[in-house]
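Residues per chain, in single letters:
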Amino acid sequence: MEKLKYERPVIKKLNAGIMNKFGMRTEFTPHTHIEGVAVKDIISKFGSPVFVISERQIRKNYQQAVRSFRTRYPKVQFAWSYKTNYMNAVCKVFHQEGSWAEVVSGFEYHKALGNGVPGNKIIFNGPDKREEEIILAINNDSLIHVDHFDELFLLMEIVEKMDKRPRVAIRVNMDTGIYPMWDRFGFNYENGQAWNAINKIMASEKLELVGLHSHIGTFMLSTAAYAVATSKLCDLAFNFNKKFGKAIQYLDLGGGFPSSNTLKGAYLPGADTVPSIDEFAEAITSTVLNYGFKQQELPLLILETGRALIDDAGFLLGSVLATKRLSDGRRATILDFGVNILFTSFWYDHKITPAQEFSHHTEDMVLFGPLCMNIDVVRETVNLPLLQKGDQVVVHKVGAYNMTQWMQFISMRPSIIMIDENESMHQIRKPETLAYLESLENIPEHLQQIKL
Ligand SMILES: *Cc1c(COP(=O)(O)O)cnc(C)c1O
């Protein structure tokens, strides 16, 4: 008889908890404190709703992610993705930890400079770089990641008039086995566009090609996709070396690692299903190490991880405005925050926990925001204790994209508080006021007077 093939077993942590019949855990303990500070104290001091960021959690996430890569690969650099959360205090925590800045607009570029990031540690990505911004980036010796041929030609035109040789990289998009493909940014690998861009840059001799960049998507659940992307960048770097006799200095694999949030429609909670940063690091670094570079020519590996480093460091605290019964008998709870400030509730089933003791009765309910708009739903259905008017709740893992994509609609955007490592509170952004908003408005002379 043929011997059976041995398959090594894999052990994965599964936090099952108490399941309901849909297989989802329920959250039945009150979340009364954040980093040692009472939720009710934060709300009484700064109002409701209010965003809270844990400095300790950011540092922990950052250090763990860097460790995942540095223990596997000798040359690693992280660059903080500004658009994920560009509150200056947040960016400064990352910069104190050693992270460079990754920006995708002139506005973000200026923010990074304002935060004290040296120009040569700013990576300038994105399809919208204005001429004056490109000139500034060149003068500051920043790393300019070219997105398309029109930008490349503009860059070459600008350089004609300057006595500089800017450091550039190209953004490369490719088929990584994940569909729909993100092919709108950068130059395509498969159809030869990326190689064409490399040759154009080398032929001009005005630009110094130092890197290759890709950012293959966001909330990526496949580590294999990163292995594919890495090997395609390595392939370009290898051919570059063969043709031009020079080494590419860095490969930038972008961001896109998932946080432990639960995507809408997912059967199991995100915490149990998303791959860890270690697994992504393994896929990326082993691909580069095994590719065949000479040891001294191994490229620097740059990561622009956003979401995975900040999501679980952010909380949104809010209050119940009212409860009611819908016409079909379902319970509805109306909260004082909605999709205006919790933009990610469009694609996540955010974990929401009461912030005080409650009775043991629970019910499936809809959580609505306060907007006069039908789409303002925070959770379509969630099993929670019976919340009452005035009760407080904590929304978890909201650190990524909410404080940048929030909109001022119907109500003002609230305060953001940071709790430092000594459990002290700092207001890092004040709540908006009517005066602040109207300071940008002008009323034409003939509309000054109204008579009703
Ligand atoms: C948005 C973005 C990132 C960060 O993406 P995450 O999914 O938050 O990790 C990194 N690089 C580029 C170019 C981006 O546009």
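Here the structure is a predicted model, which means the values were calculated and not measured.

### What to know about the site of the ligand
Okay, so step 1: Inspection of the region around the ligand gives 16 residues, with Lys83, Thr218, Gly256, Glu304 and Tyr401 positioned closest.
Okay, so step 2: Thr218 is positioned with one of its side-chain polar atoms (N or O) 2.5 Å from an oxygen atom of the ligand.
Okay, so step 3: Within the complex, 95% of the 390 Å² of free accessible area of the ligand lies under protein.
Okay, so step 4: Broken down by class, the residue content of the shell around the ligand amounts to one nonpolar, 10 polar and five charged.

### Looking at the domain arrangement of the protein chain
Okay, so step 1: Domains assigned within the protein chain are domain 1 (26–51 + 312–431) and domain 2 (54–311).
Okay, so step 2: If you average the C-alpha positions of domain 1 and of domain 2, the two centres end up 33 Å apart.
Okay, so step 3: In this complex, domain 1 contributes 28 residues to the contact, which on the side of domain 2 involves 28 residues.
Okay, so step 4: Together domain 1 and domain 2 conceal approximately 2600 Å² of surface at their shared face, both sides included; 48% is due to carbon and sulfur atoms.
Okay, so step 5: Between domain 1 and domain 2 we count five salt bridges in total.
Okay, so step 6: The salt bridge involving Glu421 is made with Arg59; its shortest N-O contact spans 3.5 Å.

### Some remarks on a negative patch on the surface
Okay, so step 1: Residues Glu131, Glu132, Glu157 and Glu160 make up a contiguous surface patch of negative charge.
Okay, so step 2: Structurally, Glu160 is set in helix α6 (residues 149–160).
Okay, so step 3: Judged by relative accessible area, Glu160 falls into the exposed class, the value being 56%.

### Observations regarding the nonpolar core
A general trend in soluble globular proteins is that nonpolar side chains are found buried together.
Okay, so step 1: Core analysis: the biggest nonpolar cluster contains 99 residues, and Phe69, Ile170 and Leu251 have the highest contact counts within it.
Okay, so step 2: The leading source of residues in this core is helix α8 (residues 223–244), at eight residues.
Okay, so step 3: Looking at which domains feed residues into this core, each of domain 1 (26–51 + 312–431) and domain 2 (54–311) supplies at least three.
Okay, so step 4: Setting aside residues up to four positions removed in sequence, Phe69 forms contacts with Val76, Phe78, Phe257, Ile277, Ala281, Ile284, Thr285, Leu301 and Leu303.
Okay, so step 5: In this structure, Val37, Ile43, Phe315 and Ile417 belong to the second largest nonpolar core, which totals 14 residues.

### Details of the packing of helix α2 (residues 55–70) against helix α10 (residues 277–289)
Okay, so step 1: In the contact formed by α2 and α10, the axes pass within 8 Å of each other and the chain directions differ by 30°. As summarised for this structure, α2 and α10 are arranged roughly parallel, according to the angle between their axes. The way α2 lies across α10 gives a crossing that is right-handed. Within the contact between the two elements, α2 uses Ala65, Ser68 and Phe69 and α10 uses Ile277, Asp278, Ala281, Ile284 and Thr285.
Okay, so step 2: Counted by class, the contact of α2 with α10 contains five nonpolar, two polar and one charged residues.

### Here's the deal with the pattern of salt bridges
Okay, so step 1: According to the stated counting rule, one finds 18 salt bridges in the structure shown.
Okay, so step 2: Taking the shortest distance from any N to any O, the salt bridge between Asp128 and Arg130 comes out at 2.6 Å.
Okay, so step 3: By relative accessible area, which is 37% here, Asp128 ends up partly exposed.
Okay, so step 4: Judged by its relative accessible area of 44%, Arg130 is partly exposed.
Okay, so step 5: Three or more residues joined by partner-sharing salt bridges are found here, namely Glu55, Arg59, Glu97 and Glu421.

### What about the packing of aromatic side chains?
Okay, so step 1: Using the criterion set out here, one finds 22 aromatic pairs in the structure.
Okay, so step 2: Residues Phe343 and Trp347 carry aromatic rings whose centres are separated by 5.8 Å and whose planes lie at 80° to one another, so their mutual orientation is edge-to-face.
Okay, so step 3: Overall, the relative accessible area of 30% leaves Trp347 in the partly exposed class.
Okay, so step 4: In this structure an aromatic cluster arises from ring pairing among Tyr62, Phe69, Phe78, Trp80, Phe94, Tyr226, Phe257 and Phe280.
Okay, so step 5: Its end group placed over the ring of Phe124, Lys129 keeps NZ or CZ at 5.7 Å from the ring centre.

### Description of the side chain of Ser319
Okay, so step 1: Position of Ser319 relative to the elements: it lies in strand β13 (residues 314–325).
Okay, so step 2: The class of Ser319 is buried, set by a relative accessible area of 12%.
Okay, so step 3: Within the structure, Ser319 has its side chain in polar contact with the side chain of Ser48 (distance 2.7 Å).
Okay, so step 4: For Ser319, the contacting residues outside a window of four places in its chain are Ile43, Ser48, Ile334, Leu335, Asp336, Asp391 and Gln392.

About the thresholds
- Residues numbered from 1 in each chain as written.
- Predicted model: local features only at pLDDT ≥ 70, side-chain atom pairs only at ≥ 80, totals over all residues.
- Heavy atoms only, no water.
- Near = heavy atom within 4 Å.
- Polar contact = N/O pair within 3.5 Å; in protein donor to acceptor, adjacent residues only side chain to side chain.
- Areas by Shrake-Rupley, 256 points an atom, 1.4 Å probe, with all protein chains shown as cover.
- Nonpolar A, V, L, I, M, F, W, Y, C, P; charged D, E, K, R; others polar.
- Domains from an automatic or database assignment.
- Contact = heavy atoms within 4.5 Å.
- Buried area = accessible area lost by both parts, 1.4 Å probe.
- Salt bridge = Lys/Arg side-chain N within 4 Å of Asp/Glu carboxyl O.
- Patch = residues over 30% accessible without salt bridge, like charges linked within 9 Å, V, L, I, M, F, W, Y side chains within 5 Å.
- Lys, Arg positive; Asp, Glu negative; His and termini not counted.
- Charge placed at Lys NZ, Arg CZ, Asp CG, Glu CD.
- Helix = DSSP H or I, 4+ residues; strand = E, 2+ residues; numbered from the N terminus.
- Buried < 20%, exposed > 50% of the residue type's maximum accessible area, 1.4 Å probe, protein only.
- Core = buried A, V, L, I, M, F, W, Y, C linked by side-chain atoms within 4.5 Å.
- Axes fitted to C-alpha atoms, helices over the stretch in contact; angles between N-to-C directions.
- Parallel < 35°, antiparallel > 145°, perpendicular 65-115°, else oblique.
- Left-handed = near helix turned anticlockwise from the far one by under 90°.
- Phe/Tyr/Trp six-rings, centres within 6.5 Å; stacked < 30°, edge-to-face > 60°.
- Lys NZ or Arg CZ within 6 Å of the ring centre and 35° of its normal.

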